[in-house]
Number of protein chains: 2
Amino acid sequence: MIKYQEVARNIRKKILNGEYVAGKQLPLEKEMCVYYGVSRITIKRALDELVKQGLVIKRRGSGTFVKSVEDEDIRELSALRQFTGFSETYKNCKVETTIIKFDIIHPSEEVAAKLQMTVEDFVYNIIRARYADGRPIVVEYTQMPIGLIPGIKRAILEKSIYSYIQKELQLKIQSAHRTLRAVMPNEMEQEYLRIKDTVMPLLEVEQVAFLDDGRPFEYSISRHRGDEIEFKTVSIK
Amino acid sequence: MIKYQEVARNIRKKILNGEYVAGKQLPLEKEMCVYYGVSRITIKRALDELVKQGLVIKRRGSGTFVKSVEDEDIRELSALRQFTGFSETYKNCKVETTIIKFDIIHPSEEVAAKLQMTVEDFVYNIIRARYADGRPIVVEYTQMPIGLIPGIKRAILEKSIYSYIQKELQLKIQSAHRTLRAVMPNEMEQEYLRIKDTVMPLLEVEQVAFLDDGRPFEYSISRHRGDEIEFKTVSIK
DNA sequence: GAGTGGTCTAGACCACCCC
DNA sequence: GGGTGGTCTAGACCACTCG
């Protein structure tokens, strides 16, 4: 539908299947214009997508080249599974969820500020433990404004909040601000993550997520077993 | 010099000093064209920068709005201090460095692959502990091809490799692929990070960094004290 | 229907790399 | 000097939001 995305997907495919070899030069932008029948700016936008994904690099005066990336996950990551929740990430596993807590409360001042509400308003207060193929992965603490995300029920929590938000409520997720830390588990986390008798560090991800229209709809803290989870990013100047 | 960057900086300034208020609509793209005397595409590119930085959001059919961000660090982060090393990040502190190891070795197969070299080639092998205002922060394991980054000396390691690369060698850093994990310290790290008698998780950052021309020039693992370091990101759909 | 940002074009000139 | 990608323009049409 949208041309630059079509072109980007097409070039991406050629890189991943080896038609364009790592370290080698891509066809010139001018040539691609002819090949795809689009203007040069459209080609540039397509290539800029791939730069953002970490798949190619451009050298002014020289050309565009396939970046050598051995890390399969980085290539995956570029496939923009950005805002999928736990269920989607582990869709090839048997996903189980234990609901530890599910009620409605007033947010703290800090959380109210991050969600742009007052402490008089209400939020869902959800604590869940998540398992993949029987292995404990993460304990998630989630707060969401009940006004923005109505109709949450236990059945939804046992599956995927994200798919409920996107498919049922037809809301679109635009961005997320994340902070990562290394921490130690508390007693409850030790229990649900089954690390009573071992020393296991956790990777904590604090997140504020925003809808399409700029409204923050989720404040969450996820604490992952350090031996199960790693977090990858590509940053470009 | 470059117009869209000028415009982006200007708008950014107005957001940060409160001239454009959080949650409120920015002037229309058309109006900005007149105000800045540039074409609409240039305004769009400027605004897209600010979207990438997490400072504004755009709604097709409605307008462009200032994102409400309480977290000062996110706003800082957007000021693209992306590829500054330890010394720059802590420039307001008294930075000290202990060189634990500094020699030249053959890389392992894994590292050779990531740095696009063979196990026959040579890399610097550097281990350093870094301190800010006397507080231990991180132990860094760094490997760099001697061919790409010649002339590393102890005096450089005690200050900043990054400033040597950029200022002395005039090389430009283009991107970095990072993987974050939560881990426990080994004995040596416990010593240099002064956590002999406490349980302290570490935030590990594994990184492959690339130059302007696409060549990887650094493979490093940094293990930070969990109570000193957090890592922030903004991701946009 | 009026107004917003999103996409796209054809063409121009510039900064940079390499021969 | 010849060729690369980077920036920019003026203008067009489209998709979406909102009254």
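Definitions and limits used
- Residues numbered from 1 in each chain as written.
- Chains lettered and ligands numbered in written order.
- Predicted model: local features only at pLDDT ≥ 70, side-chain atom pairs only at ≥ 80, totals over all residues.
- Heavy atoms only, no water.
- Helix = DSSP H or I, 4+ residues; strand = E, 2+ residues; numbered from the N terminus.
- Buried < 20%, exposed > 50% of the residue type's maximum accessible area, 1.4 Å probe, protein only.
- Contact = heavy atoms within 4.5 Å.
- Areas by Shrake-Rupley, 256 points an atom, 1.4 Å probe, with all protein chains shown as cover.
- Lys, Arg positive; Asp, Glu negative; His and termini not counted.
- Charge placed at Lys NZ, Arg CZ, Asp CG, Glu CD.
- Near = heavy atom within 4 Å.
- Polar contact = N/O pair within 3.5 Å; in protein donor to acceptor, adjacent residues only side chain to side chain.
- Salt bridge = Lys/Arg side-chain N within 4 Å of Asp/Glu carboxyl O.
- Least-squares fit on C-alpha atoms with pLDDT ≥ 70 in both.
- Pairing = 2+ DSSP bridges.
- Axes fitted to C-alpha atoms, helices over the stretch in contact; angles between N-to-C directions.
- Domains from an automatic or database assignment.
- Nonpolar A, V, L, I, M, F, W, Y, C, P; charged D, E, K, R; others polar.
- Expected span 1.5 Å × (residues − 1).
- Buried area = accessible area lost by both parts, 1.4 Å probe.

Draft legend 1. Examining the overall build of chain A more closely. Along chain A, the regular secondary structure elements total nine helices and nine strands. Principal-axis analysis of the C-alpha atoms gives chain A an extent of 60 × 40 × 30 Å. Here chain A, with 237 residues, has 51% of them falling under the buried criterion. The contacts in chain A between residues at least 6 apart in sequence include a share of 60% that link residues at least 24 apart. Summed over its atoms, the accessible surface of chain A is roughly 12,000 Å², and 50% of this surface lies on carbon and sulfur atoms. The averaged location of the 34 negative side-chain charges in chain A is 8 Å from the averaged location of its 38 positive side-chain charges.

Draft legend 2. Just the protein's contact with DNA strand C, in detail. Surveying the vicinity of DNA strand C reveals 25 residues, the closest of which are Lys-3, Ser-39 and Thr-42 of chain A together with Leu-28 and Arg-40 of chain B. A share of 67% is what sugar and phosphate atoms reach among the atoms of DNA strand C within 4 Å of the protein. Measuring from a phosphate oxygen of DNA strand C, one finds a backbone N or O atom of Tyr-4 of chain A at 3.3 Å. In this structure, Thr-42 of chain A approaches DNA strand C through a side-chain N or O atom, which is 2.4 Å from a phosphate oxygen. Secondary-structure elements contributing two or more residues to the surface near DNA strand C are helix H1 (3-16) and helix H3 (40-52) of chain A together with helix H3 (40-52), strand E1 (56-59) and strand E2 (63-66) of chain B.

Draft legend 3. Highlighting the pattern of salt bridges. A complete count under the given rule lists 36 salt bridges over all chains for this structure. Residue Lys-232 of chain A pairs with Glu-230 of chain A through a salt bridge whose shortest N-O separation is 3.5 Å. The exposure class of Glu-230 of chain A is partly exposed, given its relative accessible area of 36%. Across the pair Arg-215 of chain B and Asp-213 of chain B runs a salt bridge, and its minimum N-O distance is 2.7 Å. Each of Lys-114, Arg-181, Glu-189, Glu-204, Glu-206 and Arg-223 of chain A together with Glu-230 and Lys-232 of chain B takes part in salt bridges that share partners, so that together they form one network.

Draft legend 4. Representation of the relation of the copies chain B and chain A in the model. Mapping chain B onto chain A calls for a screw motion: a turn of 180° about the axis and a shift of 0.0 Å along it, with 0.1 Å RMSD after fitting. The operation mapping one copy onto its partner corresponds to a two-fold rotation axis. Mapped onto chain A, 98% of the interface residues of chain B are again interface residues, and the two copies thus contact each other with one and the same surface.

Draft legend 5. Region of interest: the sheet that holds strand E7 (residues 202-211) of chain A. The strand order across the open sheet formed by seven strands is E3(A)-E4(A)-E5(A)-E8(A)-E7(A)-E6(A)-E9(B), and the pairing between neighbours is antiparallel. Whereas interior strands pair on both sides, the edge strands pair on one side only; in this sheet they are strand E3 (95-105) of chain A together with strand E9 (231-236) of chain B. Going from strand to strand, the sheet's axes swing by 15° on average, the running direction of each strand aside. Examined bridge by bridge, strand E5 (residues 135-145) of chain A and strand E8 (residues 216-225) of chain A share six bridges and lie antiparallel to one another. By the bridge assignment for E8 of chain A, Gln-143 of chain A is matched with Tyr-219 of chain A. Contacting strand E4 (123-132), E5, strand E6 (173-183), E7 and E8 of chain A, helix H8 (residues 161-168) of chain A crosses the sheet at an angle of about 155° to E8 of chain A.

Draft legend 6. Structural detail: the environment of Leu-148 of chain A. Take Leu-148 of chain A: it is sitting in the loop between E5 and helix H7 (154-158). In this structure the C-alpha to C-alpha distance between Leu-148 of chain A and Tyr-20 of chain A, which are 128 residues apart in sequence, comes to 46 Å.

Draft legend 7. Expanded view of the domain arrangement of chain A. According to the domain assignment, chain A contains domain 1 (3-68) and domain 2 (86-225). Put simply, the middle of domain 1 of chain A and the middle of domain 2 of chain A, counted by C-alpha atoms, are 37 Å apart.

Draft legend 8. Highlighting the protein's contact with DNA strand D. Around DNA strand D, 25 residues are found, and the nearest of them are Leu-28 and Arg-40 of chain A together with Lys-3, Ser-39 and Thr-42 of chain B. Per the 4 Å cut-off to the protein, sugar and phosphate atoms form 67% of the nearby atoms of DNA strand D. Tyr-4 of chain B is positioned such that a nitrogen or oxygen atom in its backbone is 3.3 Å from a phosphate oxygen of DNA strand D. Within the contact set of DNA strand D, a sugar or linking oxygen lies 3.2 Å away from a side-chain nitrogen or oxygen of Ser-62 of chain B. If you list the elements that add at least two residues to the surface near DNA strand D, you get H3, strand E1 (56-59) and strand E2 (63-66) of chain A together with helix H1 (3-16) and H3 of chain B. Broken down by class, the residue content of the surface near DNA strand D amounts to six nonpolar, nine polar and 10 charged.

Draft legend 9. Local environment of H1 of chain A. Here H1 of chain A contains 14 residues, and its C-alpha end-to-end distance of 20 Å stays within 8% of the 20 Å for a straight helix at 1.5 Å per residue. A positive backbone phi angle near 90° is found at Gly-18 of chain A, which sits one or two residues after H1 of chain A.

Draft legend 10. Expanded view of unusual backbone geometry. One non-glycine residue, Gln-116 of chain A, adopts positive backbone phi at about 55°. Its place among the elements puts Gln-116 of chain A in the loop between helix H6 (109-114) and E4.

Draft legend 11. View of the pairing of E4 of chain A. Residue and element names in this part refer to chain A. For E4, the buried fraction is high: 10 of the 10 residues fall into the buried class. Here E4 shows a buried face lined by Val-123, Asn-125, Ile-127, Ala-129 and Tyr-131 and a second buried face lined by Tyr-124, Ile-126, Arg-128, Arg-130 and Ala-132. Direction of pairing for E3 relative to E4: antiparallel, over a ladder of 10 bridges. Bridged to Asp-103 within E4 is Asn-125. In this sheet, E5 lies alongside E4 in antiparallel orientation, the contact comprising 10 bridges. Bridge pairing in E5 places Val-123 opposite Pro-145. Hairpin remark: E4 followed by E5, antiparallel, with two residues in the connecting loop; positive phi at Asp-133, about 50°.

Draft legend 12. Spotlight on the interface of chain B and chain A. Contacts between the two partners involve 45 residues from chain B, matched on the other side by 44 residues from chain A. Between chain B and chain A, the buried area comes to about 3,900 Å², and carbon and sulfur atoms account for 54% of it. Looking at the side of chain B facing chain A, the largest losses of area belong to His-177, Ser-235 and Lys-237 of chain B, adding up to 15% of the total buried there. Joining chain B to chain A, the criterion identifies two salt bridges. Where Arg-181 of chain B meets Glu-230 of chain A, a salt bridge forms, and the shortest distance between an N and an O atom there is 2.6 Å. Put simply, the parts of the chain that give the side of chain B that touches chain A at least two residues each are E1, helix H6 (109-114), strand E6 (173-183), strand E7 (202-211) and E9 of chain B. In terms of residue class, the side of chain B that touches chain A is built from 20 nonpolar, 12 polar and 13 charged.

Draft legend 13. Main features of the side chain of Ser-235 of chain A. Here Ser-235 of chain A is to be found in strand E9 (residues 231-236). Of the polar contacts made by the side chain of Ser-235 of chain A, one reaches the side chain of Arg-178 of chain B; its length is 2.9 Å.

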